[in-house]
Amino acid sequence: MKSLLRKEVITAVILYAFAWLFSFGFVMYQFISNGDSFSEGLTFFIDFLQKRNPLIGIHLLFLIFYVLFITIRYFYRVHRKKGVKSAVLQFAFRLLLPFILLSSTYSYIIDRNSTENYNYQWDHSIENNANYSNDFYKEDQKHRGVHVFGWRNKRDKTIKSLLKSNVEWVAIVPFIYQDNEQTKTMRTPETIGKWRGNDSIFIEAIKDIHNKGMHVMFKPHLWLGDGWRSNVNFNTEEDWDTWFQSYRKNMLHYATLAEISKSELLCVGTELRTSIKQQPEAWLLLIKEIKAIYSGKLTYAANWDDENDLGEFWNALDYIGIQAYFPLTEHKKPVLDTIKAGWQKHIRSLERLSEKYNKPILFTEIGYKSEASATIKPWLWDTLYSGLSKEKSDETQQLAYQALFESLWHKEWFKGFYIWQWHSHSKQENTYKNMDFTPRFKPAENTIAKWFGKSAKKETSIYDDFKIKHSN
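Residues numbered from 1 in each chain as written. Predicted model: local features only at pLDDT ≥ 70, side-chain atom pairs only at ≥ 80, totals over all residues. Heavy atoms only, no water.

Participant: Before we go on, may I ask you to explain a positive patch on the surface in this structure?
Facilitator: Judged by side-chain charge, Arg 6, Lys 7, Arg 77, Lys 81, Lys 82 and Arg 94 come together as a positively charged surface patch. Within the residue set of the positive patch, elements represented by two or more residues are α1 (2-33) and α3 (52-82). The element best represented in the positive patch is α3, accounting for three residues. Note that Arg 94 resides in helix α4 (residues 84-114). (Patch = residues over 30% accessible without salt bridge, like charges linked within 9 Å, V, L, I, M, F, W, Y side chains within 5 Å. Areas by Shrake-Rupley, 256 points an atom, 1.4 Å probe, with all protein chains shown as cover. Salt bridge = Lys/Arg side-chain N within 4 Å of Asp/Glu carboxyl O. Lys, Arg positive; Asp, Glu negative; His and termini not counted. Charge placed at Lys NZ, Arg CZ, Asp CG, Glu CD. Helix = DSSP H or I, 4+ residues; strand = E, 2+ residues; numbered from the N terminus.)

Participant: What is the right way to look at the sheet that holds strand β10 (residues 414-422) in this model?
Facilitator: The strands making up a sheet associate through backbone hydrogen bonding, with each pair oriented either parallel or antiparallel. Pairing within the closed barrel is parallel, and its eight strands lie in the order β1-β2-β4-β6-β7-β8-β9-β10. Averaged over all neighbouring strand pairs, the angle between strand axes comes to 25 degrees, with direction disregarded. Where strand β9 (residues 361-366) and β10 come together, three bridges link them in parallel fashion. Paired with Ile 366 across the two strands is Ile 419, which belongs to β10. This element, helix α7 (residues 197-211), spans β2 (169-172) and β4 (215-218) of the sheet and lies at about 150 degrees to β4. (Pairing = 2+ DSSP bridges. Axes fitted to C-alpha atoms, helices over the stretch in contact; angles between N-to-C directions. Contact = heavy atoms within 4.5 Å.)

Participant: Would you explain the packing of aromatic side chains in this entry?
Facilitator: Note on aromatic pairs: each is described by the distance of the centres and the angle between the planes. The tally for this structure, following the rule as stated, stands at 47 aromatic pairs. Arranged with centres 6.2 Å apart and planes meeting at 65 degrees, the rings of Trp 283 and Tyr 300 form a pair that is edge-to-face. Here Trp 283, found in helix α10 (residues 280-293), pairs with Tyr 300, found in strand β7 (residues 297-303); they are 17 residues apart in sequence, far enough to count as distant. Each member of the pair Trp 283 and Tyr 300 is classed as buried. Note that Lys 142 overlies the ring of Trp 409, its terminal NZ or CZ placed 5.7 Å from the centroid. Above the ring of Trp 451, the side-chain terminus of Lys 454 is found at 4.7 Å from the ring centroid. (Phe/Tyr/Trp six-rings, centres within 6.5 Å; stacked < 30°, edge-to-face > 60°. Buried < 20%, exposed > 50% of the residue type's maximum accessible area, 1.4 Å probe, protein only. Lys NZ or Arg CZ within 6 Å of the ring centre and 35° of its normal.)

Participant: What am I meant to see in a nonpolar patch on the surface here?
Facilitator: Side chains of Phe 91, Leu 95, Leu 96, Phe 99 and Ile 100 sit close together on the surface and give an oily, nonpolar patch of about 440 Å² of accessible area. Structurally, the position occupied by Ile 100 is in helix α4.

Participant: I'm lost on the packing of α7 against helix α8 (residues 237-260) in this one. Help?
Facilitator: Each pair of packed helices can be described by the angle between their axes along with the distance between the axes. At a closest axis distance of 10 Å, the pairing of α7 and α8 adopts a crossing angle of 30 degrees. As summarised for this structure, α7 and α8 are arranged roughly parallel, according to the angle between their axes. Where α7 crosses over α8, the handedness of that crossing is right-handed. When α7 is examined against α8, the residues Asp 199, Ile 203 and Ile 206 are found in contact with a partner set consisting of His 253, Tyr 254 and Leu 257. Residues of the contact of α7 with α8, tallied by class, amount to four nonpolar, one polar and one charged. (Parallel < 35°, antiparallel > 145°, perpendicular 65-115°, else oblique. Left-handed = near helix turned anticlockwise from the far one by under 90°. Nonpolar A, V, L, I, M, F, W, Y, C, P; charged D, E, K, R; others polar.)

Participant: Explain unusual backbone geometry here, please?
Facilitator: Most peptide bonds adopt trans geometry, and most residues besides glycine take a negative phi value. Cis rather than trans, the peptide bond between Trp 420 and Gln 421 has omega equal to -10 degrees. With respect to the secondary-structure elements, Gln 421 resides in strand β10. One non-glycine residue with positive phi stands out, namely Lys 262, at about 60 degrees. Structurally, Lys 262 is set in the loop between α8 and β6 (265-270). You will see that Glu 271, though not glycine, has its phi angle at about 55 degrees, which is positive. By the secondary structure assignment, Glu 271 is in the loop between β6 and α9 (273-278).

This is the structure we're talking about:
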């Protein structure tokens, strides 16, 4: 008995060590493949071990390895004692059959929730097949943008798909990692202007984008392992200053990259509500430093529900940037007129903000899932199990974008938007059950291509003629 227990403990220790080695190897592979040094990866892994969530993850990985091991060992022992036939039967009834029943039930529910009777007539005539941007931006100054990730491979294919849908601006998003809302420092470059692996990839991607006549917004995101960047908070002025110096070093590094790569727009921050309110003077000084490095235009991405009357802060920038996840309806599967009506109060508020600062409004981020309740709380992300309770609706996503264009595109103070997000590696055959934000291969993509594929100046002229005719 003691011998068996001793063997089991040894087995568990070996698998526990393997879980740690696997985690270490995975982290180091990610760093080295991104062009970072072994020492940077080692430093990150040591910091990584001091955090609660990664430690939980490693121990869950150990449990997975251990359960897998004892399962394989059990069937191996049955095979040795009772033969292949008995082992196969037990495997089929104890493991395979329950798995098939569970996966079949899951697939049935997903397929049922994904069934939608929406016959959208795709219009291929409005697509751009010239493999070069029409650049309507020069004519109407509207940003026709999307957020795109995954620039390491197949850039030509990604850019071609963007051009086809008349996209003219691409948001390039580097992530700056911070542990949680109270962490005083974040990962910073060793030397400002010394490129790391991902930096070089961004520079090459921007070059390829420019070669097709398109434009770039460089938009760094602070990414927290636990919590939300809008709620970063500290108890002392000294801690705030420490945090801001860490952020400042990142932004000066990325401002240098944006200048070198000739990115046309730089977003100086994304959803950093508490810092903007706590440190207004520090932000104004940072913007001055950025302007000494970077010659393009500047914006900041404020969340839609923040208090956005930011005084001198907006005056220091070229665009008032909004993360535009405004709630538009109270019920799921709304009709077009209901969604448009939901925009009216937000439009009035945005118009007043634009007039007060004499600055154009730019939606630095906006998106809708292809899901029936997408316009109720557009900011909500799907979970792993959303497909079990949510109802897919390409129609709701398509109507949400149509309402956006019809409500705002003709406004002179409105300068366009950046869609969250474009899945460059999506496959058309998987679209029927995809409820995520991406519009790729969905009717929303065609609606976006239609409106992006013409000058907004002509649309404004048509809209003004319509108002004059119907007011007489």
